[in-house]
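Take a look at the letters that make up each chain.
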Amino acid sequence: MTIFLIIQGQIITLGKRGTESAYKRAQAFVLKPAVLPKLFGTFSKRYAKRPGGYTRIHRIDNRAGDNAPMALLELVDNPRDFKFEMTARAVGRDLLTEQLRRNAPRTVLNSGVDATESITKEVKLGARDKGELRPSTRINLQKVVKYRASSALKEIGKRASTWIETLLAIRLQQKRAQIATNASADAKNKAKTSNYVEKFPKATIRSGAAVPGDVRSAVRLAKGAIARPHRP
């Protein structure tokens with residue numbers, strides 16, 4: 001895996017050079033000639049400002065069956081960047097958490113959350129500065145947009161806003177389901193119990209037990225003064 005990453009990084013570096021000698025050297029590694037135009041065109045423009053680190057490895061769940069460990073290998077800043085998507089969701093979750101501290105879910109859903117404006121401010125902050133995002137989320141945000149175009153801020157803001165709406169919809173739906181479940185349970189309890197006494201039967205007081213508000217001494221309780229009360 002390490003050798004593969006090194007070779008892949010070297011090939012992309014050759015594509016960034018864009019010279020004839022680099023093209024010939026790349027032909028020695030690339031088995032499919034149809035990939036070369038993409039290497040010297042799309043990849044060279046995408047990673048023109050990036051000094052290195054063109055690949056990323058994500059550890060995912062073990063494979064079903066033999067429980068073998070698996071990982072996801074991807075090119076950074078690609079159109080379906082996995083970390084870009086997960087960072088957008090983390091940003092949306094943090095912004096929503098901050099808004100719910102001051103407003104109700106229904107209010108936040110109606111007014112909306114301007115994620116793009118908050119992201120623009122968070123990118124300029126340091127790791128220890130106080131903001132709307134957690135420090136770890138802010139660091140990941142700065143990493144994924146560092147070598148991307150300026151349009152990346154709008155894109156990640158759009159995805160974060162979409163995730164915020166999804167989380168709010170899930171929360172409201174869960175609340176409605178819980179209210180319906182509680183109403184159904186209350187209806188069943190009312191059908192089973194006809195009055196308050198049947199629902200909460202009186203328990204017999206035994207020796208050593210004190211009722212709420214009783215001020216008798218522990219010695220008297222131990223002797224069974226409550227178990228055998230004096231009757232008139």
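Residues numbered from 1 in each chain as written. Predicted model: local features only at pLDDT ≥ 70, side-chain atom pairs only at ≥ 80, totals over all residues. Heavy atoms only, no water.

S.K.: Sorry if this is basic, but what is going on with the overall build of the chain here?
M.R.: Each helix and strand counted, the chain has ten helices and two strands in total. Its helices and strands taken in sequence order, the chain reads α-α-α-β-β-α-α-α-α-α-α-α from the N to the C terminus. Contacts spanning at least 24 positions in sequence make up 52% of the contacts within the chain whose residues lie at least 6 apart. Carbon together with sulfur atoms contributes 55% to the accessible area of the chain, which is approximately 16,700 Å² in total. (Helix = DSSP H or I, 4+ residues; strand = E, 2+ residues; numbered from the N terminus. Contact = heavy atoms within 4.5 Å. Areas by Shrake-Rupley, 256 points an atom, 1.4 Å probe, with all protein chains shown as cover.)

S.K.: Where do I start with the nonpolar core in this structure?
M.R.: Nonpolar side chains tend to gather and get buried jointly when the protein is soluble and globular. Counting residues in each nonpolar core, the largest one holds 18 residues, and the members touching the most others are V91, L95, L141, I156 and I164. Elements represented by at least two residues in this core include exactly helix 4 (82-100), helix 6 (115-123), helix 7 (135-145) and helix 8 (151-192). Every residue in contact with L95, bar those within four places of it in the chain, is listed here: V113, A115, S118, E132, L133 and I164. Membership of the second largest hydrophobic core comes to 14 residues, among which are I11, A26, L39 and F43. (Core = buried A, V, L, I, M, F, W, Y, C linked by side-chain atoms within 4.5 Å. Buried < 20%, exposed > 50% of the residue type's maximum accessible area, 1.4 Å probe, protein only.)

S.K.: In this structure, what is going on with the packing of helix 4 against helix 7? I would like to understand it.
M.R.: The description of two packed helices rests on the angle between their axes and on the distance between the axes. Relative to each other, helix 4 and helix 7 sit at 140°, their axes nearing to 10 Å. Regarding the angle of helix 4 to helix 7, the classification is oblique. The element helix 4 and its partner helix 7 pack so that their crossing is left-handed. Taking contact as the criterion, the partners of K83, F84, T87, A90, V91 and D94 in helix 4 are, on helix 7, T137, N140, L141, K143 and V144. (Axes fitted to C-alpha atoms, helices over the stretch in contact; angles between N-to-C directions. Parallel < 35°, antiparallel > 145°, perpendicular 65-115°, else oblique. Left-handed = near helix turned anticlockwise from the far one by under 90°.)

S.K.: Would you explain a nonpolar patch on the surface in this entry?
M.R.: Together, I60, M70, L72, F82 and M86 make up an exposed nonpolar region whose accessible area comes to about 380 Å². Breaking the nonpolar patch down by element, the ones donating at least two residues are strand 2 (70-75) and helix 4. Of note, M86 is situated in helix 4. Here M86 falls in the partly exposed class, since its relative accessible area comes to 38%. (Patch = residues over 30% accessible without salt bridge, like charges linked within 9 Å, V, L, I, M, F, W, Y side chains within 5 Å. Salt bridge = Lys/Arg side-chain N within 4 Å of Asp/Glu carboxyl O.)

S.K.: Can you walk me through the layout of surface pockets in this structure?
M.R.: Size it by volume and the second largest pocket reaches roughly 160 Å³. Around the second largest pocket, the lining residues are K83, M86, T87, R89, A90, R93, R134, S136, T137, N140 and W163. Those elements that provide at least two residues to the lining of the second largest pocket are helix 4 and helix 7. Considering each element in turn, the lining of the second largest pocket owes the most residues, six residues, to helix 4. For the lining of the second largest pocket, a count of residues per class yields three nonpolar, four polar and four charged. (1 Å grid on protein atoms, 1.4 Å probe; cavity = no way out; pocket = protein on both sides within 12 Å on 5 of 7 lines; lining within 4 Å. Points joined across faces, edges and corners; volume = space filled by probe spheres on them. Nonpolar A, V, L, I, M, F, W, Y, C, P; charged D, E, K, R; others polar.)

S.K.: Please explain the side chain of Q99 as it appears in this structure.
M.R.: You can see Q99 is positioned in helix 4. If we ignore the near neighbours within four places in the chain, the residues touching Q99 are V108, V113 and E132.

S.K.: I keep staring at helix 4 and nothing clicks. Help me out?
M.R.: Three- or four-residue spacings in an α-helix give side chains the same orientation, since the helix completes a turn every 3.6 residues. Here helix 4 contains 19 residues, and its C-alpha end-to-end distance of 27 Å stays within 8% of the 27 Å for a straight helix at 1.5 Å per residue. Those residues of helix 4 not exposed but buried are K83, F84, T87, A88, A90, V91, G92, D94, L95, L96, E98 and Q99. Among the residues of helix 4, the N-terminal cap falls to D81, whose side-chain oxygen and the backbone nitrogen of K83 are separated by 3.1 Å. (Expected span 1.5 Å × (residues − 1). Polar contact = N/O pair within 3.5 Å; in protein donor to acceptor, adjacent residues only side chain to side chain.)

S.K.: What exactly am I supposed to notice about the pattern of salt bridges here?
M.R.: Once their charged atoms are close, side chains differing in charge can pair, the charge on each being opposite to the other. On inspection of all chains with the given rule, the structure shows 16 salt bridges. Close ionic contact of R159 with E85 constitutes a salt bridge, the shortest N to O distance being 3.1 Å. One end of the pair, R159, is in helix 8; the other, E85, is in helix 4, with 74 residues separating them in the sequence. For the salt bridge of R93 with D94, the shortest nitrogen-to-oxygen distance reads 3.7 Å. Taken together, the salt bridges that share partners define one network made up of R50, R56, E74, D77, D81 and R148.

S.K.: I would appreciate a short explanation of a positive patch on the surface in the present structure.
M.R.: Taken together, the side chains of R106, R171, K175 and R176 define a basic patch exposed on the protein surface. Ranked by residue count, the leading element in the positive patch is helix 8, at three residues. Assignment of secondary structure puts R171 in helix 8. According to the relative accessible area criterion, R171 is partly exposed, its value standing at 44%. (Lys, Arg positive; Asp, Glu negative; His and termini not counted. Charge placed at Lys NZ, Arg CZ, Asp CG, Glu CD.)

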